[in-house]
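Residues per chain, in single letters:
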Amino acid sequence: MSIPSFGVGTFRLTGQTVIDSVRNALDVGYRAVDTAQIYGNEAEVGQAIAQSGVQRADLFLTTKIWTDNYAGNKLAPSLRASLEKLRTDYVDLTLIHWPAPGNGVELGETMAALAEAKALGLTRQIGISNFNIALTKEAIAMVGKGEIATNQIELSPYLQNRKLTAFLKEQGITVTSYMTLAYGKVLKDPVLAAIAAKHDATVAQVALAWALQLGYAVIPSSTRRENLASNLLARDLALDADDMARIAALERNGREVDPQGLAPEWD
Ligand SMILES: NC(=O)c1ccc[n+]([C@@H]2O[C@H](COP(=O)([O-])OP(=O)(O)OC[C@H]3O[C@@H](n4cnc5c(N)ncnc54)[C@H](OP(=O)(O)O)[C@@H]3O)[C@@H](O)[C@H]2O)c1
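Every chain's residues receive numbers from 1 upward, in the order its sequence appears when written. Only residues with pLDDT of 70 or above have their local features reported here, since the model is predicted, and side-chain atom pairs are shown and tallied only from 80 upward, although totals for entire chains, interfaces and linings are computed over all residues. Note that water and hydrogens are dropped before the side-chain values are worked out from all heavy atoms of the structure.

A. Fine view of the side chain of Glu154. You can see Glu154 is positioned in strand E6 (residues 148-154). Of the polar contacts made by the side chain of Glu154, one reaches the backbone nitrogen of Glu256; its length is 2.7 Å. Every residue pair with non-hydrogen atoms within 4.5 Å of one another is taken to be in contact. Residues contacting Glu154, with those up to four places away along its chain left out, are Leu159, Asn161, Tyr178, Met179, Gly254, Arg255, Glu256 and Val257. Helix and strand labels come from DSSP, where a helix needs a run of H or I of at least four residues and a strand needs a run of E of at least two; each type is numbered from the N terminus. Whenever two N or O atoms come within 3.5 Å, that pair is a polar contact, provided that in protein one can donate a hydrogen and the other can accept it, and provided that, for residues adjacent in sequence, both atoms are side-chain atoms.

B. Region of interest: the pattern of salt bridges. The rule for a salt bridge is simple: a side-chain nitrogen of Lys or Arg has to be within 4 Å of a carboxyl oxygen of Asp or Glu. Applying the stated rule across the entire model yields eight salt bridges. A salt bridge links Arg56 to Asp92; the nearest nitrogen and oxygen atoms lie 3.0 Å apart. With Arg56 in the loop between helix H2 (42-52) and strand E3 (60-65) and Asp92 in strand E4 (residues 91-96), this pair connects stretches of sequence that are 36 residues apart. With respect to class, Arg56 is no different from Asp92; both count as buried. In this structure, Glu147 and Lys118 form a salt bridge, with 2.9 Å as the shortest nitrogen-oxygen distance. Within this pair, whereas Glu147 is found in the loop between helix H5 (133-143) and E6, its partner Lys118 is found in helix H4 (residues 107-119), the two being separated by 29 residues in sequence. Three exposure classes are used, based on accessible area relative to the maximum for each residue type with a 1.4 Å probe and protein chains only: buried under 20%, partly exposed in between, and exposed over 50%. For Lys118, a relative accessible area of 26% puts it in the partly exposed group. What emerges from the salt-bridge pattern is a single network uniting Lys198, Asp240 and Asp243.

C. Up close: the site of the ligand. Near, as used in this document, describes a residue that has one of its heavy atoms within 4 Å of the molecule or strand being considered. Taken together, 28 residues surround the ligand, and among them Arg12, Asp34, Ser221, Ser222 and Thr223 come closest. Within the side chain of Arg12, a nitrogen or oxygen atom sits 2.7 Å from an oxygen atom of the ligand. Only the protein chains shown count as covering a residue, and every accessible area follows the Shrake-Rupley method with a 1.4 Å probe. Burial of the ligand by the surrounding chains reaches 88%, relative to a free accessible area of 900 Å². For the shell around the ligand, the class distribution of residues is 12 nonpolar, 12 polar and four charged. Under the convention adopted here, Pro, Cys and the residues Ala, Val, Leu, Ile, Met, Phe, Trp and Tyr are nonpolar, Asp, Glu, Lys and Arg are charged, and Gly plus all remaining residues are polar.

D. Broad picture of helix H3 (residues 75-86). Expected helix span is computed as 1.5 Å times (number of residues minus one). Along its 12 residues, H3 runs 16 Å from first to last C-alpha, staying within 8% of the 16 Å computed at 1.5 Å per residue. Taken together, the buried positions of H3 are Leu75, Ala76, Ser78, Leu79, Ser82, Leu83 and Leu86. Burial along H3 is one-sided: seen end-on, the buried residues are contained in an arc of 160 degrees. Residues of H3 that are buried make contact with H2, E3, E4, H4 and strand E5 (123-129). Here the arc refers to the directions that run from the helix axis out to each C-beta atom.

E. The arrangement of the UniProt feature "site: Lowers pKa of active site Tyr" (unreviewed entry) in the protein in detail. The sites that UniProt annotates as "site: Lowers pKa of active site Tyr" (unreviewed entry) are Lys64. A polar atom in the side chain of Lys64 sits 3.1 Å from the backbone oxygen of Thr35. UniProt positions are given in the numbering used here, feature names are shortened, and annotations may be inferred rather than shown by experiment.

F. Region of the structure containing H4. Taking 1.5 Å of rise per residue, the 13 residues of H4 would be expected to cover 18 Å, and the 18 Å separating its terminal C-alpha atoms lies within 8% of that figure. Looking at H4, one finds that the buried residues are Leu107, Thr110, Met111, Ala113, Leu114 and Ala117. Within H4, the buried residues cover an arc of 160 degrees as seen down the axis, which keeps them to one side. Looking at the buried residues of H4, the elements they touch are H3, E4, E5, H5 and E6. Of the residues one or two after H4, Gly121 is the one with positive phi, at around 85 degrees.

Rendered as C-alpha cells:
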C-alpha cells in the first residue's frame, strides 16, 4: 500500500466546473483524485469518473471526513454516504480533515471509528490532515504505527514545514503537500521563474518538482486542461542541488489556511 505521488485536487470546485476538471484530469493521465465531504462535490466527482470510462481498479480516490461526522456512531455512516455519491464501494484513502480540538469528540473516538471503517472495507487506507507533531503522535498511539498512511498538510516553497516533515519521515508517514502552488501565489516568484527559465519549464512545474523530489505527494488543482496536463509533466523535471537549495531559501512561514477552531497549534 502506498500513496500515489501525483493526484488532482478538487477544493473550491463544484458543479460542471469540477466535472470538467476531473474529466480533463483523467483524460490527460491523472489516476488519483482528492475530494472531501465538505467540498460538496463528491457526487460530481463520482459522475465525472463514471463518464470517463476509467476503471475503478485503476483509480486512487481520497476523501476526508468532516468535523460533524467525528463521533463513533457517525463516521462510518457518513463514509458510506460519500461512497454512494462517489459511485463506488470503497475509497482508497480516508482522512480526518482537521484536528478540530475542542469539538466535543475525543480524538481517540474518531481514530477508532476511522480504523473500524477500514476494517469494514469502506476504505483501503486511513490518514490524517492538518495534524501537528503532538496530534500525529496521539493518532499513532491510538491506531498503531504503520496504520497512518499520510498526513496531508499545507506545504509550498513559502511554507516548508521542516519540523513536521522531518518527524513524519522518521515515522514512515507519507507527506501529502496541499496548496503546493500556495493557490497561485508562488507562481509570481522571481527565483522560481529563473529556475523555470533555466529548465525551459513552467513555474508551477518547478514548485511541484521540488515537492516531488523531497518525497512528498502533490495534488494540485486546476480548472484548465492545459494546466492539468503541464502540471503532470513536473514528474519529468529534474531539479539540481543548486535549484533545490535556492528553493529551500524561499521559506517564509507563508501559511494560507489557518481556520479558527479547526487548526491545531502549528509546529
Ligand atoms: N486537507 C486540507 O485541509 C486541504 C486544504 C486545501 C486544499 N486541499 C487539497 O489540495 C488541493 C490543492 O490545493 P488548491 O487547489 O487549494 O491550490 P493549489 O493547487 O496550490 O493552486 C490551485 C490554483 O493554482 C492555479 N494553477 C494550477 N496550475 C497552474 C498552472 N500550471 N499555471 C497557472 N496557474 C495554475 C489554479 O488556477 P486555474 O484553475 O486557472 O488553473 C488554481 O487557482 C485542493 O484542491 C484540495 O484537494 C486540502
